[in-house]
Amino acid sequence: MNSITYADAFCTYFVCFLIFIAILWNRESSRVKRRERRNFSTRLFFCDKCRRPFLQEEDINLCRCPRCNTVCIRPRRRDLE
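In what follows, the accompanying structure is described.

How each quantity is defined
- Position labels on residues start from 1 in each chain and follow its written sequence.
- This being a predicted model, a pLDDT of at least 70 is required before a residue's local features are given, and a value of 80 or more before pairs of side-chain atoms are given or counted; all residues contribute to the totals for chains, interfaces and linings.
- Water and hydrogen atoms were dropped before computing side-chain values, which therefore reflect all heavy atoms in the structure.
- Throughout this description, the term salt bridge denotes a Lys or Arg side-chain nitrogen within 4 Å of a carboxyl oxygen of Asp or Glu.
- By the criteria applied, helices consist of DSSP H or I runs no shorter than four residues and strands consist of E runs no shorter than two, each listed in order from the N terminus.
- Only protein chains enter the accessibility calculation, which uses a 1.4 Å probe. A residue is then buried if its area is under 20% of the maximum for its type, exposed if over 50%, and partly exposed in between.
- What is meant by a nonpolar core is a set of buried Ala, Val, Leu, Ile, Met, Phe, Trp, Tyr and Cys residues, joined one to another through side-chain atoms within 4.5 Å.
- Contacts are assigned to residue pairs that have any heavy atoms within 4.5 Å of one another.
- Between 30 and 60 degrees the pair is tilted, below 30 it is stacked and above 60 it is edge-to-face, where a pair is any two Phe, Tyr or Trp rings, Trp via its six-membered ring, whose centres lie within 6.5 Å.

Quick word on the pattern of salt bridges
One pass over the full model with this rule turns up one salt bridge. Its salt-bridge partner being glutamate 28, residue arginine 31 comes within 3.4 Å of it at the nearest N-O pair. Here glutamate 28 and arginine 31 lie together in helix H1 (residues 6-42), a separation of three residues that amounts to about one turn. Take arginine 31: its relative accessible area is 35%, and that puts it in the partly exposed class.

Structure follows, in structure tokens:
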């Protein structure tokens, strides 16, 4: 009859727990990266006057440039790619 010791059972449980945590960490980091990329491209503005790129907190189409204070329009999706 095969018997398993407490040390073997604990080691097996610990290794399985670490693998589970690694899978969850990898999944969460990929979700965060994907979300950051999407949010970055939707909030990116380019100033026509000073040519400075900047991010805006809200999801709006018009804002003012922090450097020269001109009104900037968010470019279309196809202009960013």
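Re the nonpolar core
In this structure, Phe45, Cys47, Phe54, Cys63, Cys65 and Cys72 together form the largest nonpolar core, which totals six residues. Those residues in contact with phenylalanine 45 that sit more than four places away from it in its chain are Arg52, Pro53, Phe54, Gln56, Ile60, Asn61, Leu62, Cys63, Cys72, Ile73 and Arg74.

Details of the packing of aromatic side chains
When we look at a pair of aromatic rings, we describe it by the centre distance and by the angle of the planes. All chains considered together, the criterion is met by two aromatic pairs. Consider the rings of phenylalanine 10 and phenylalanine 14, whose centres lie 6.2 Å apart with planes at 20°: the pair is stacked. With a gap of four residues between them, phenylalanine 10 and phenylalanine 14 both fall in helix H1, about one helical turn apart. For phenylalanine 10, a relative accessible area of 56% translates into the label exposed. Since its relative accessible area comes to 42%, phenylalanine 14 is described here as partly exposed.

That's the geometry; what it means functionally is another story.
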